[in-house]
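Residue-level listing of the chains:
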Amino acid sequence: MAHAQEVHGISQRRACSLVGAERTSIRYQARRPDDAAVRARLRELAAERRRFGYRRLGILLAREGTRLNHKRLRRLYTEEKLQVRRRGGRKRAVGTRAPMVLPQAPNQRWSLDFVSDALADGRRFRILAVVDDFSRECLALVADTSLSGVRVARELDAVLGRRGQPQVCVSDNGTELTSNAILKWSQDRQVEWHYISPGKPQQNAFVESFNGRLRDECLNETLFTSLHHARAVLARWQADYNHVRPHSAHQGITPAEVGRRTITPWMMKDLANTATAAANNRSGL
């Protein structure tokens, strides 16, 4: 249109009639609202949560009172170049799998696994992760240079005192988790212990998924200077994961909130009985 008007010296009305265009379309000017404040807050959240995509960032914005249409949110997210880079590749499963039976309440099933990392000076340390498979809540993150079966049993007792007794625990066949200390713990506490098949981590999918989030959002983002530093960072991340981070499996609700909404009176009674038994054990009764 501009070319026709400039070269041939015709009016806008005449140029529109020649090309069959509507003058309202030619004269239209976009009236998008000023998104400067939203863009700035989106950049701040993306800087704090570098491994969050636009959906989780949208949930955090909605908690602050800024609700955006998902298409508008994705446009702003893309224009600000905040896309999360995919780290490397991973093997894809082939064939079919039988679906896992999901627990129906908290404390029905806990999953355990170990994650390893290194300090800035190269020293290796391990992290014991305990996850509630129903609420996806992280029950424990224990970091140390060595985690024996006795130490694992002691940490499970600490979680049991806070949460009550689970019906079953799921783990792989690691030496710490197949030790006599763990076998004795499960027998004394009357907790069933299920070991997954060797080389089948997908049978322990809940804690494996949690390990991926832990490594992607915490371990790969932090350079640990000491074991004390690692424990402090892990404690903060665990609190954030349980109480702030929106979980996609729960439509954006935090794991702690899911646990609070589904707790029942018999679970409260079981928790009280467990606490009393733990106190009696400590006092030697």
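Summary of the structure given here. If you're wondering where the values come from, they're calculated on a predicted model, not measured in any experiment. (Residues numbered from 1 in each chain as written. Predicted model: local features only at pLDDT ≥ 70, side-chain atom pairs only at ≥ 80, totals over all residues. Heavy atoms only, no water.)

In total, this model carries 24 salt bridges according to the counting rule given. Aspartate 144 is paired through a salt bridge with arginine 151; the nearest N and O atoms lie 2.7 Å apart. Across the pair, exposure class does not vary: aspartate 144 and arginine 151 are buried alike. Salt-bridge contacts for glutamate 155 lead to arginine 151; the nearest nitrogen and oxygen are separated by 2.9 Å. One end of the pair is glutamate 155 and the other is arginine 151, both in helix 7 (residues 149-163) and four residues apart, which spans about a single turn. Accessibility expressed as a relative area gives 15% for arginine 151, which makes it buried. Each of Asp35, Arg39, Arg43, Arg72, Arg75, Glu79 and Glu80 takes part in one network of salt bridges that share partners. (Salt bridge = Lys/Arg side-chain N within 4 Å of Asp/Glu carboxyl O. Buried < 20%, exposed > 50% of the residue type's maximum accessible area, 1.4 Å probe, protein only. Helix = DSSP H or I, 4+ residues; strand = E, 2+ residues; numbered from the N terminus.)

As for its placement among the helices and strands, aspartate 172 is situated in the loop between strand 4 (168-171) and helix 8 (180-189). Considering only alpha carbons, one finds aspartate 172 and phenylalanine 114, 58 residues apart in sequence, at a separation of 9.5 Å. Ignoring sequence-local partners within four residues, the contact set of aspartate 172 consists of Asp113, Leu177, Tyr195, Ile196 and Asn204. A distance of 3.1 Å separates the side chain of aspartate 172 from the backbone nitrogen of glycine 174, its partner in a polar contact. (Contact = heavy atoms within 4.5 Å. Polar contact = N/O pair within 3.5 Å; in protein donor to acceptor, adjacent residues only side chain to side chain.)

What follows concerns the packing of aromatic side chains. What the rule picks out here adds up to seven aromatic pairs. With centroids separated by 5.8 Å and ring planes inclined at 85°, the aromatic side chains of phenylalanine 125 and phenylalanine 224 adopt a geometry described as edge-to-face. Of this pair, phenylalanine 125 sits in strand 2 (residues 124-132) while phenylalanine 224 is found in the loop between helix 9 (205-217) and helix 10 (227-243), placing the two residues 99 residues apart along the sequence. A relative accessible area of 1% places phenylalanine 125 in the buried class. Residue classification places phenylalanine 224 among the buried positions, given a relative accessible area of 0%. Each ring, one from tryptophan 193 and one from tyrosine 195, has its centre 6.3 Å from the other, and the planes form 35°; the classification is tilted. Judged by relative accessible area, which is 12%, tryptophan 193 ranks as buried. Among the residues examined, tyrosine 195 registers a relative accessible area of 23% and is labelled partly exposed. Its end group placed over the ring of phenylalanine 114, arginine 126 keeps NZ or CZ at 4.3 Å from the ring centre. (Phe/Tyr/Trp six-rings, centres within 6.5 Å; stacked < 30°, edge-to-face > 60°. Lys NZ or Arg CZ within 6 Å of the ring centre and 35° of its normal.)

Turning to the packing of helix 5 (residues 54-63) against helix 6 (residues 70-79), a few remarks are in order. Between two packed helices, what matters for the description is the angle formed by their axes and the separation of those axes. For the pair helix 5 and helix 6, interaxial distance at closest approach is 10 Å and the crossing angle is 110°. On the basis of their axis angle, the class for helix 5 and helix 6 is roughly perpendicular. Two packed elements cross with a definite hand, and for helix 5 against helix 6 that hand is right-handed. Residues Tyr54, Leu57, Gly58 and Leu61 of helix 5 lie in contact with helix 6, whose contacting residues are His70, Leu73, Arg74 and Tyr77. Its residues assigned to classes, the contact of helix 5 with helix 6 comprises five nonpolar, two polar and one charged. (Axes fitted to C-alpha atoms, helices over the stretch in contact; angles between N-to-C directions. Parallel < 35°, antiparallel > 145°, perpendicular 65-115°, else oblique. Left-handed = near helix turned anticlockwise from the far one by under 90°. Nonpolar A, V, L, I, M, F, W, Y, C, P; charged D, E, K, R; others polar.)

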